2 protein chains.
Amino acid sequence: MAIHYPNGKKFNKGNVVNNAPKKRSEPTTLYSNRGMTLEDDLNMANQYYLADGRAIIHKKPTPVQIVHVDYPKRSAAVIKEAYFKQASTTDYNGVYRGRYIDFEAKETKNKTSFPLKNFHDHQVNHMEQIIEHGGIAFVILRFSFAEEIYLLEAKHLITFYRKKETDRKSIRKKDIEIYGHLIKIGYHPRIDYLEVVDSIYFMDES
Amino acid sequence: MAIHYPNGKKFNKGNVVNNAPKKRSEPTTLYSNRGMTLEDDLNMANQYYLADGRAIIHKKPTPVQIVHVDYPKRSAAVIKEAYFKQASTTDYNGVYRGRYIDFEAKETKNKTSFPLKNFHDHQVNHMEQIIEHGGIAFVILRFSFAEEIYLLEAKHLITFYRKKETDRKSIRKKDIEIYGHLIKIGYHPRIDYLEVVDSIYFMDES
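Chain A is annotated in an unreviewed UniProt entry as Holliday junction resolvase RecU from Halalkalibacter hemicellulosilyticusJCM 9152. Taken directly from UniProt, the Catalytic activity (unreviewed entry) text for chain A runs: "Endonucleolytic cleavage at a junction such as a reciprocal single-stranded crossover between two homologous DNA duplexes (Holliday junction)." UniProt's Function (unreviewed entry) comment on chain A is quoted here verbatim: "Endonuclease that resolves Holliday junction intermediates in genetic recombination. Cleaves mobile four-strand junctions by introducing symmetrical nicks in paired strands. Promotes annealing of linear ssDNA with homologous dsDNA. Required for DNA repair, homologous recombination and chromosome segregation."

Student: Would you explain the packing of aromatic side chains in this entry?
Tutor: Centre-to-centre distance and the angle between the planes together describe a pair of aromatic rings. Residue and element names in this part refer to chain A. Under the defined criterion, the tally for this structure stands at 23 aromatic pairs over all chains. Summarising the aromatic geometry, the rings of Tyr92 and Phe103 are spaced 4.7 Å apart at their centres and angled 5° between planes, so their arrangement reads as stacked. Taken together, the residues span a long stretch of sequence, with Tyr92 in strand β4 (residues 92–96) and Phe103 in strand β5 (residues 99–108) at a distance of 11 residues. Of the residues examined, Tyr92 reaches a relative accessible area of 2% and is grouped as buried. Classification of Phe103 as buried rests on a relative accessible area of 0%. Grouped by ring-pair contacts, the aromatic residues Tyr48, Tyr49, Tyr92, Phe103, Phe138 and Tyr193 constitute a single cluster.

Student: Where do I start with the nonpolar core in this structure?
Tutor: Most often, soluble globular proteins keep nonpolar side chains buried together rather than apart. Core analysis: the largest hydrophobic core is formed by 44 residues, its most contacted members being Phe119 and Leu157 of chain A together with Phe119 and Leu157 of chain B. Every element with two or more residues in this core is listed here: α2 (121–132), β7 (136–143), β8 (148–153) and α3 (154–162) of chain A together with α2 (121–132), β7 (136–143), β8 (148–153) and α3 (154–163) of chain B. Setting aside its immediate chain neighbours within four residues, Phe119 of chain A contacts Glu104, Lys106, Phe114, Val124, Val139, Leu141, Leu157 and Tyr161 of chain A. Ile101, Leu151, Tyr193 and Tyr201 of chain A belong to the second-largest nonpolar core, a separate cluster that totals 25 residues.

Student: Help me understand the side chain of Asp102 of chain B in this model?
Tutor: Residue and element names in this part refer to chain B. Structurally, Asp102 is set in strand β5 (residues 99–108). Summary of buried charges: Asp102 has no salt-bridge partner, and the nearest side chain of opposite charge, Lys60, is 5.2 Å away. Ignoring anything within four residues of it in the chain, the contact list for Asp102 reads Thr90, Tyr92, Asn93, His126, Ile130, Ile136, Ala137 and Phe138.

Student: Hey, could you run me through the UniProt feature "site: Transition state stabilizer" (unreviewed entry) in chain A in this one?
Tutor: Residue and element names in this part refer to chain A. Here, the residues flagged by UniProt with the feature "site: Transition state stabilizer" (unreviewed entry) are Lys106. In this fold, Lys106 is placed in strand β5. Contacts of Lys106, omitting those with residues within four sequence positions, involve Leu38, Phe114, Asn118, Phe119, Ile140, Leu141 and Arg142.

Student: In this structure, what is going on with α3 of chain B? I would like to understand it.
Tutor: The periodicity of an α-helix, 3.6 residues per turn, causes residues three or four places apart in sequence to face the same way. For α3 of chain B, every residue scored as buried is listed here: Ala154, His156, Leu157, Ile158, Phe160 and Tyr161 of chain B. In this structure, the buried residues of α3 of chain B make contact with α2, β7, β8, β9 (170–172) and α4 (173–179) of chain B.

Student: Would you explain the sheet that holds strand β2 (residues 64–70) of chain B in this entry?
Tutor: Remark on secondary structure: sheet strands pair via backbone hydrogen bonds, oriented parallel or antiparallel. The four strands are arranged β2(A)-β3(A)-β3(B)-β2(B) in an open sheet whose pairing can be described as antiparallel. Single-partner strands in this sheet number two, and they are β2 (64–70) of chain A together with β2 of chain B. Averaged over neighbouring strand pairs, the angle between their axes works out to 30° when direction is ignored. Two elements, β2 of chain B and strand β3 (residues 78–84) of chain B, share six bridges in a ladder whose sense is antiparallel. Counted as the bridge partner of Val69 of chain B is Ile79 of chain B from β3 of chain B.

The rules behind these values
Residues numbered from 1 in each chain as written. Chains lettered and ligands numbered in written order. Predicted model: local features only at pLDDT ≥ 70, side-chain atom pairs only at ≥ 80, totals over all residues. Heavy atoms only, no water. UniProt positions renumbered as here; feature names shortened; annotations may be inferred. Phe/Tyr/Trp six-rings, centres within 6.5 Å; stacked < 30°, edge-to-face > 60°. Helix = DSSP H or I, 4+ residues; strand = E, 2+ residues; numbered from the N terminus. Buried < 20%, exposed > 50% of the residue type's maximum accessible area, 1.4 Å probe, protein only. Core = buried A, V, L, I, M, F, W, Y, C linked by side-chain atoms within 4.5 Å. Contact = heavy atoms within 4.5 Å. Lys, Arg positive; Asp, Glu negative; His and termini not counted. Salt bridge = Lys/Arg side-chain N within 4 Å of Asp/Glu carboxyl O. Pairing = 2+ DSSP bridges. Axes fitted to C-alpha atoms, helices over the stretch in contact; angles between N-to-C directions.

Written out as structure tokens, the structure reads:
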């Protein structure tokens, strides 16, 4: 199934899968290149966690439907025709403190609500299944204007999402403030979301 | 990093990520199209487990480095230039009985040994980290001539792999028979690898 890259958004290099550590631009140009930097920051957090022996969490490659590949002599195979596919799962998963962990990260320019069109039925069903199987599932939501990043447990996202058809097409920011958990912006890593995961899922143990 | 698709093998459609259930060819033509069917069988097993509420295990998309994308008007974005990348993790992961599960699947035409070049340092290090973090990690190895499929726990693969440079470049089949676990070929699913996982990792609980 060929689709426009999420919600018809144009492709940008920030969405290209690249496991190599990226150089940060000047520290003052925060999110100057919108749409890619939440992902960059999460990838950096995950690299930090990995190097630190804290968690093994990776972003999955972007799903692509490959149609045509060329094999030039003496050089690498070149994909000449391919299409972006809709992901059937979430983007990030791995293992943390012996538990399976699974999440999706999205951002919005909206100031007062988070549009639910950022999520697909497949992903929401996937998160529901993860919970049933004893995994940890959540979403990381960024409000780019306020520069606020929240962790919202999947159980709440699912409730809001299932209301979508009869009710609102977005989650009000004030509901995210109530049900979600603000992730403090720091250093090394900038987005230390596991600190919030600890406070929600490992309270008794830490 | 542009690379030839695994070990310089030509790309074939079996490696294309496709989450849609595939029609099986005639049941008598087992593995007639080599190089894709172990993956097909594992994908079908995973769909079966998912539908059955037994486990949530997915194959990760093939990692691709996207270089150029066209945006024709009124139609889907077309990737015009991209390259296969080496995976930094294993291909399959998910959650089973509350545990994180992670594996790689490979096959060989060799009759008496399994070449270790099928695995990369990154993948072996990844499996080692998974074990340290309390996850379940293994490989599924298929000997295509004998039509025998083994589950080998990552701890054994790691031992064989680390010996590689000073010792053999492959694992002898007889060692896989000793350290590994034969997966019986059945129906629904054809490769019921979780039955073997139960016998290794959940013995006390089942």
